[in-house]
Amino acid sequence: MAPPAPLVRTARSLWHWQWQQLMGGLGPADADGNYRRPAGAFTALPPLPSDATAADGHVLIVGRSCPWAHRAWLVWSLRGLGASITLVVVDPDPAEGRWRFAEAFDGCHTLIELYRRSGADAGQRATVPALYSRRERRILVGESARLIELLNRWPCPDAPNLEPAPQQAATDHWRDRLQGSVNDGVYRCGFARTQAAYDRAEAALFAALGDANQALADAPWLSGPRLSLADVVLFPTLIRLELVYAPLFGCSRLPLWQLPALWHWRRRFHALPGVAATCWPEAWRRDYFGALFPLHPSGIVPAGPPLATLVEGPPALGGPGETQPMRDPGNDHG
């Protein structure tokens, strides 16, 4: 027997109210329902440390599921910075809503403890990535956009320059466009509070992806002939698209294979040395579907396509982005 219509209306109204309260904790929004990413701590670009080349002098703290941490992990890997910067992976603790160290790190069991000890205000979130100085015993920078710039300048023999000077203007343009419309854009879709807010975010997302697809039809990398930070910031979002963002955040207007230059760009980027080791699809799906309760109350982690089908399968494509041989960024010195 179906429940009475008044009961259904009341239940829906109560659930919607409760959903709004839960979403307030998950992702703050403005008066029009647009998601606004909260400000973080340690956001300024610090100077290059005087002990940057010291073995194990610094620690890059990342989480497997976080796309913002993924971009820093990629720069660390592509530039071969393991000799002077140790990688530490933290795990999410859904019950507490914080990042936790597998083993105590410099006396701290959670990332929030390390943030507080480094001088973060009580109301600020502890996020990944974070770069920690062992000598100073504090976090130097926790803003991913600034952190990848610092890691790109980090001294390392024969490391590629991911900000090639001839492409700098194009790289800056794409980084700015991607940050708002794509990297934050998928979250603006998923965390939108109103239909209008979702529609705006979704339209901006696919407009940016369409423009990126066009750019990659004319060049092998997003800002020109050489790999750059623009490619680095796009990859973490696109590698999660079919696995997380399309089904959970409603970013499903187009499958990526219908943007063939982007599809092949993603395949070529994934094939670069060290990139595959930064990709953890099981952790992505478990952490997104299992932890974002307001968006997925059941906590059931649905099946998804194997990552190999997204990075190895070839829809046919002509054009510079596919016909030119893949270049190892380790040979692109700048």
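Here is a short report on the structure shown in this document. (Residues numbered from 1 in each chain as written. Predicted model: local features only at pLDDT ≥ 70, side-chain atom pairs only at ≥ 80, totals over all residues. Heavy atoms only, no water.)

1. Description of the packing of aromatic side chains
Phase 1 of the analysis: Enumeration according to the criterion identifies 15 aromatic pairs in this entry.
Phase 2 of the analysis: Arranged with centres 5.1 Å apart and planes meeting at 20 degrees, the rings of Phe-101 and Phe-105 form a pair that is stacked.
Phase 3 of the analysis: Overall, Phe-105 belongs to the buried group, its relative accessible area being 7%.
Phase 4 of the analysis: Plain terms: the ring middles of Phe-249 and Tyr-288 are 6.0 Å apart, the flat faces sit at 75 degrees to each other, and that makes the pair edge-to-face. With Phe-249 in helix 9 (residues 241-249) and Tyr-288 in helix 11 (residues 281-291), this residue pair connects regions lying 39 residues apart in the sequence. Just as Phe-249 is buried, Tyr-288 falls in that class too.
Phase 5 of the analysis: Site record: aromatic cluster; members linked through ring pairs are Tyr-35, Tyr-187, Phe-191, Tyr-245, Phe-249 and Tyr-288.
Phase 6 of the analysis: Sitting over the face of the ring of Trp-280, Arg-64 holds its NZ or CZ atom 4.6 Å from the ring centroid.
Phase 7 of the analysis: One Lys or Arg, Arg-266, reaches over the ring of Trp-263 and ends 5.3 Å from the middle of that ring. (Phe/Tyr/Trp six-rings, centres within 6.5 Å; stacked < 30°, edge-to-face > 60°. Buried < 20%, exposed > 50% of the residue type's maximum accessible area, 1.4 Å probe, protein only. Helix = DSSP H or I, 4+ residues; strand = E, 2+ residues; numbered from the N terminus. Lys NZ or Arg CZ within 6 Å of the ring centre and 35° of its normal.)

2. Some words on the nonpolar core
Phase 1 of the analysis: One finds Ile-61, Phe-249, Leu-262 and Phe-269 to be the most contacted residues of the largest nonpolar core, which totals 94 residues.
Phase 2 of the analysis: With residues up to four places along the chain from it excluded, the contact list for Ile-61 reads Val-88, Val-90, Phe-101, Phe-105, Leu-111, Leu-114, Val-128, Pro-129, Ala-130 and Tyr-132. (Core = buried A, V, L, I, M, F, W, Y, C linked by side-chain atoms within 4.5 Å. Contact = heavy atoms within 4.5 Å.)

3. Some points on the packing of helix 8 (residues 229-239) against helix 10 (residues 260-270)
Phase 1 of the analysis: Across the interface, helix 8 lies against helix 10 with an axial gap of 11 Å and an inter-helix angle of 105 degrees. It follows that helix 8 is roughly perpendicular to helix 10 by the angle criterion. Residues Asp-231, Val-232, Leu-234, Phe-235, Leu-238 and Ile-239 of helix 8 form the contact with helix 10, whose participating residues are Leu-262, Trp-265, Arg-266, Phe-269 and His-270.
Phase 2 of the analysis: The residue inventory of the contact of helix 8 with helix 10, partitioned by class, reads eight nonpolar, one polar and two charged. (Axes fitted to C-alpha atoms, helices over the stretch in contact; angles between N-to-C directions. Parallel < 35°, antiparallel > 145°, perpendicular 65-115°, else oblique. Nonpolar A, V, L, I, M, F, W, Y, C, P; charged D, E, K, R; others polar.)

4. What to know about the sheet that holds strand 3 (residues 98-105)
Phase 1 of the analysis: Ordered by their spatial adjacency, six strands build an open sheet running 4-3-2-1-5-6, and the pairing between neighbours is mixed. Sheet topology places strand 4 (108-110) and strand 6 (138-141) at the edges, where each strand pairs with a single neighbour. Here the average twist between neighbouring strands, direction ignored, is 40 degrees. (Pairing = 2+ DSSP bridges.)

5. Re the pairing of strand 6
Phase 1 of the analysis: Pairing geometry for strand 5 (residues 130-133) and strand 6, over three bridges, is antiparallel. Bridging from a neighbouring strand, Leu-131 pairs with Val-141 of strand 6.
Phase 2 of the analysis: The turn linking strand 5 back onto strand 6 is made up of four residues, and Arg-137 within it adopts a positive phi angle of 55 degrees.

6. Details of the packing of helix 7 (residues 195-218) against helix 10
Phase 1 of the analysis: It is at 7 Å that the axes of helix 7 and helix 10 come closest, and there the two elements cross at 75 degrees. Between helix 7 and helix 10, the angle falls in the class roughly perpendicular. Where helix 7 abuts helix 10, its residues Leu-209, Ala-212, Asn-213, Leu-216 and Ala-217 lie against Pro-260, Ala-261, Leu-262 and Trp-265.
Phase 2 of the analysis: Residue composition of the contact of helix 7 with helix 10, grouped by class: eight nonpolar, one polar and no charged.

7. Brief notes about helix 9
Within an α-helix, residues lying three or four positions from one another point in the same direction, as the helix has 3.6 residues per turn.
Phase 1 of the analysis: The buried count for helix 9 comes to eight of nine residues, which makes it a mostly enclosed element.
Phase 2 of the analysis: Trailing helix 9 by a residue or two, Gly-250 shows a phi angle of about 75 degrees, which is positive.

8. Here we look at the pattern of salt bridges
Phase 1 of the analysis: Applying the stated criterion to the full structure yields 17 salt bridges.
Phase 2 of the analysis: Across the pair Arg-36 and Asp-30 runs a salt bridge whose closest N-O atoms are separated by 3.1 Å.
Phase 3 of the analysis: Residue Arg-36 is classed as partly exposed on the basis of its relative accessible area of 39%.
Phase 4 of the analysis: The salt bridge involving Arg-117 is made with Asp-106; its shortest N-O contact spans 3.2 Å. Taken together, the positions of Arg-117 in helix 3 (residues 111-117) and Asp-106 in the loop between strand 3 and strand 4 put the pair 11 residues apart, joining distant regions of the chain.
Phase 5 of the analysis: Among the residues examined, Asp-106 registers a relative accessible area of 31% and is labelled partly exposed.
Phase 6 of the analysis: A cluster of three or more residues bridged by salt bridges with shared partners is formed by Asp-51, Arg-135, Glu-136 and Arg-138. (Salt bridge = Lys/Arg side-chain N within 4 Å of Asp/Glu carboxyl O.)

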